[in-house]
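Structure at a glance
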Amino acid sequence: MAHDVVVVGGGPGGYAVAFRAAARGLDVALIESAKVGGTCLHRGCIPSKAILHVAEVMDEVNRAATLGLDLTFNGLNGEALDRFRGDVVSQMHRGLEALVKQRCSALHEGRGRLVSAGVVEVTASDGSVSQVEGRNVVLATGSVPRSLPGIDIDGEVVLTSDQALWFLEAPQRAVIVGAGAIGMEFASMWHPFGAEVTVVEALDRALPLEDVDSSKAVQRAFKKKGIEVLTSAMVDKVAVGQTASGAEATVEVSLDGGSRSIEADVVLVAIGRAPNTADTGAAELGILDDRGFAVTDEYGRTSVDGVWAVGDVLPTLALAHAAFSEGFVVADVIAGERIQPVDYDLVPRVTYCHPEVASVGLTEEAARERFGDEVETTTYNLRANARAMIAGVDGHVKLVTRRGGETLGVHIVGPHATDLIAEATMATYWEALPAEVAAITHAHPTLYEAIGEAFLAASGTPFHGH
Ligand code: FAD
C-alpha cells in the first residue's frame, strides 16, 4: 500500500519532513542507509560542538593564571574525550530513533533509489531489495565533503571533517584548507591544545559569506591567538611523505606575489560540501542540475509530480536548521496547509569558532545593493560589555538598518554569538524599528544586553556605547 509520504534520508531535512507530515496526520515511511540523524548528528553539528566545548574549557585553562587559578594541565585524555563526544551523540541518537519509531509507520534500513515518481527501491545491507511506494517521495540524501583536484584524501594525514572529528588528540601542526565555517571551527578546536594552525583561504577573507566586519573581527582575534589565516592563497599541492616521527604533509601554497611551503601532521580539506545525489535515481528522473543539486521551486517541488527535495541536496544554505525549515515547508504543502516558503535572508547563520560568529538578514554590502544610501549601520563594541570582558573575548554587534525604518540585518562576533542571534532574528523577522527593540528592558549584566545597546545607539539614544 502506498504511503502518503516516503522520505529518502533520515538527516535533519528528512526527519523534519517526516515529523511534520506525521503531525499533520499523514502516513510516513522513512528510508535511511546508515543512522537517523545524518551528517548533523553523527559527523557534523553535534560532535563538532562537543569538541568545541572541550576546546573552550581548554581556552579557559590556558588563561587560568589570569583568573587567579593555579592549575597544571596534564594532557588530553583521548579515551575520556571520545566517551564524552560519543555519549552526547549516542544519547541524541537514541532519542531521535524513538521519535522516528513513534511517528513513522515504517523505518526501512537500506539505500533508497527512486525508480519512478512514486516508487523507491530499497537495498538493505544484506543485499535484499524491496520496493516502497508513496504518493509523495522526498529526496533528503544530504551532502558529502568536497575535495580539490590533486589532493588525495588518505584519511590519516589528509582528512575531511568526517575523519577529523573523531581525533583522540589534537595535531601539533595543522593546515586547514578553507576558511568557511567548518575550517574556522576546526582551527578553534585544535589551537587551544597547542597546535600550530594555518588556515589557507582562496578568497580575500575568512568566513566570506559573512559581513566584511565580522570577517575582519574574527581574523583579528585569530591573529591575536596565534592562528595564521592566509587569504587570497591557493593550495597548489599536498605531498605526504615519511619522516622519522611518522607521516607528514608538505603543503605548497601560492600567495599574492609569492609562495609558501608548510609542513603539517594533518591537512584538513574543508572547502565545502557536494550534494549526495549520485545513485539515488534523481539524475534519471531529470531533477538535478549540472552540479548534482536537486532543482525545485521555493516549496521544494521538483519538475516530477510528487517528487520533492530538501536539505543539503538543494543549492541553498547548507545548515541543519535551514534543512528543518525546508522540511516543514514540504510536509505542510503536501498536507495542504498554507505556508510561506523559507526566507533564506532570515535563516540565522552560525559559526562556532572562538570567538563565535552569527548573523541574520542582509550584510551591509547586500543591503547597499538593494537599498543604496538608505542603509545605515551601527556597531556596538563588546569592550563595553562586562560579561564579554569577564569571558576575555572581544567582538561586536553590528546593525544594518534602513534610515528611519526597519532592521535589515544583525551581525554578531563574540562569546555565545550563536545564542545571541535569537533576539536579532526576531527583530529582523518582524522588521522591528530600532526604537522598538531599544524599548525592551535587557537584563544586566548579560551578553545579550549588547543587542539592546546596539539598538539604543541606532535609535539615537546610545547608553554605554562609545
Ligand atoms: P544529512 O544530514 O547529510 O542527512 C542525509 C541522510 O541521508 C544521512 O543520514 C544519510 O545516511 C542518508 N542517505 C544518503 N543516501 C541515502 C540513500 N540513498 N538512501 C537512504 N538514505 C540515504 N549545520 C548547522 O546548522 N549547524 C552546525 O553547527 C553545523 N556544523 C557542521 C559541522 C560539520 C563538521 C559539518 C560537516 C556540517 C555541519 N553542519 C552544521 C551542516 C549540517 O550538518 C547539514 O546542513 C545537515 O546535516 C543537512 O541535513 P540533510 O538532512 O540535508 O543531510
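Positions within a chain are numbered from 1, following the residues in the order the chain's sequence is written. Local features in this predicted model are restricted to residues of pLDDT 70 or higher, and side-chain atom pairs are both shown and tallied only at a pLDDT of 80 or more, whereas totals for entire chains, interfaces and linings draw on every residue. The side-chain figures draw on all heavy atoms in the structure; neither hydrogens nor water molecules are used.

Segments assigned H or I by DSSP are reported as helices when at least four residues long, segments assigned E as strands when at least two residues long, and all are numbered from the N terminus. Along the backbone of the protein chain there are 14 helices and 22 strands. Here the C-alpha atoms of the protein chain give a radius of gyration of 23 Å, agreeing with the 23 Å that 2.2 N^0.38 yields for 466 residues. Considered along the principal axes of its C-alpha atoms, the protein chain spans approximately 65 × 65 × 45 Å. Note on classification: 1.4 Å probe, protein chains only; a residue is buried when its accessible area is under 20% of the maximum for its type, exposed when over 50%, partly exposed between these limits. The proportion of buried residues among the 466 residues of the protein chain is 49%. A fraction of 62% describes how many contacts in the protein chain between residues 6 or more apart in sequence connect residues 24 or more apart. The Shrake-Rupley method, run with a 1.4 Å probe, gives the accessible areas here. Residue values count only the displayed protein chains as cover. When the accessible surface of the protein chain is split by element, carbon and sulfur atoms take 51% of a total near 21700 Å². Counting rule applied: Lys, Arg positive; Asp, Glu negative; His and chain ends not counted. To locate a charge, take atom NZ for lysine, CZ for arginine, CG for aspartate or CD for glutamate. Positive and negative side-chain charges of the protein chain, numbering 36 and 62 respectively, have mean locations separated by a distance of 2 Å. Put simply, the radius of gyration uses C-alpha atoms, and a globule should come to 2.2 Å times the residue count raised to 0.38. Should any heavy atoms of two residues lie within 4.5 Å, those residues are considered in contact.

This paragraph deals with the pattern of salt bridges. Any Lys or Arg side-chain nitrogen located within 4 Å of an Asp or Glu carboxyl oxygen qualifies as a salt bridge. For the coordinates displayed, the defined rule picks out 23 salt bridges. Across the salt bridge formed by Asp 213 and Lys 398, the nearest N and O atoms sit 2.8 Å from each other. With Asp 213 in helix α7 (residues 212-225) and Lys 398 in strand β21 (residues 396-402), this residue pair connects regions lying 185 residues apart in the sequence. Classification of Asp 213 by relative accessible area gives partly exposed; the value is 25%. For Lys 398, a relative accessible area of 1% translates into the label buried. Salt-bridge contacts for Arg 368 lead to Glu 364; the nearest nitrogen and oxygen are separated by 3.1 Å. Residue Arg 368 and its partner Glu 364 are both found in helix α10 (residues 364-371); the two are separated by four residues, about one turn of the helix. A relative accessible area of 35% means that Arg 368 is categorised as partly exposed. Several salt bridges share partner residues, and in doing so they unite Asp 211, Asp 213, Glu 364, Arg 368 and Lys 398 into one network.

What follows concerns unusual backbone geometry. Residue Pro 355 is bonded to the preceding His 354 through a cis peptide linkage, with omega at 5°. With respect to the helices and strands, Pro 355 occurs in the loop between β18 (349-351) and β19 (356-361). Geometrically, the link from His 444 to Pro 445 is a cis peptide bond, its omega value of -5° lying close to zero. Within the element layout of this structure, Pro 445 appears in the loop between α13 (434-438) and α14 (449-458). Phi at Leu 207 is positive, roughly 45°, even though this residue is not glycine. Leu 207 sits in the buried class, given a relative accessible area of 4%. Notably, His 416 is not glycine yet its phi reads approximately 60°, a positive angle.

Next up on the list: α7. Helix length check: α7, at 14 residues, gives a terminal C-alpha distance of 20 Å against a target of 20 Å (1.5 Å per residue), a fit within 8%. Within the span of α7, buried status applies to Ser 214, Ser 215, Ala 217, Val 218, Ala 221 and Phe 222. Taken end-on, α7 shows its buried residues confined to a sector of 165°, consistent with a single buried face. Opposite its buried face, α7 presents the exposed residues Arg 220, Lys 223 and Lys 224, each directed more than 90 degrees away. In this fold, the buried residues of α7 make contact with α6 (181-190), β11 (228-230), β19, β21 and β22 (407-414). Expected helix span is given by 1.5 Å per residue-to-residue step, counting one fewer step than there are residues. This arc is taken over the directions from the axis of the helix to the C-beta atoms.

Our focus in this paragraph is the site of the ligand. We call a residue near a molecule or strand whenever a single non-hydrogen atom of that residue lies within 4 Å of it. Taken together, 38 residues sit near the ligand, with Glu 32, Thr 39, Lys 49, Gly 112 and Asp 312 positioned nearest. Note that an oxygen atom of the ligand is positioned 3.2 Å from one of the side-chain N or O atoms of His 321. Protein chains bury 96% of the 1000 Å² of accessible surface belonging to the ligand in isolation. Elements that contribute at least two residues to the shell around the ligand include exactly α1 (12-23), β2 (28-32), α2 (38-43), α3 (45-62), β4 (111-116) and α9 (320-334). Residue polarity is assigned by list, with Asp, Glu, Lys and Arg as charged and Ala, Val, Leu, Ile, Met, Phe, Trp, Tyr, Cys and Pro as nonpolar; anything else, Gly included, falls into the polar class. A breakdown of the residues in the shell around the ligand according to their chemical character gives 12 nonpolar, 19 polar and seven charged. As used in this structure description, the phrase polar contact means that two N or O atoms lie within 3.5 Å; if the pair is within protein, one of them must be able to donate a hydrogen and the other to accept it, and residues adjacent in sequence are counted only when both atoms belong to side chains.

Take the environment of Glu 326 next. Mapped onto the fold, Glu 326 is located in helix α9. For the pair formed by Glu 326 and Ile 227, sequence separation is 99 residues and the distance between their alpha carbons is 36 Å. Residues in contact with Glu 326, not counting those within four places in the same chain, are Val 310, Gly 311, Leu 314, Thr 316, Val 342 and Tyr 344.

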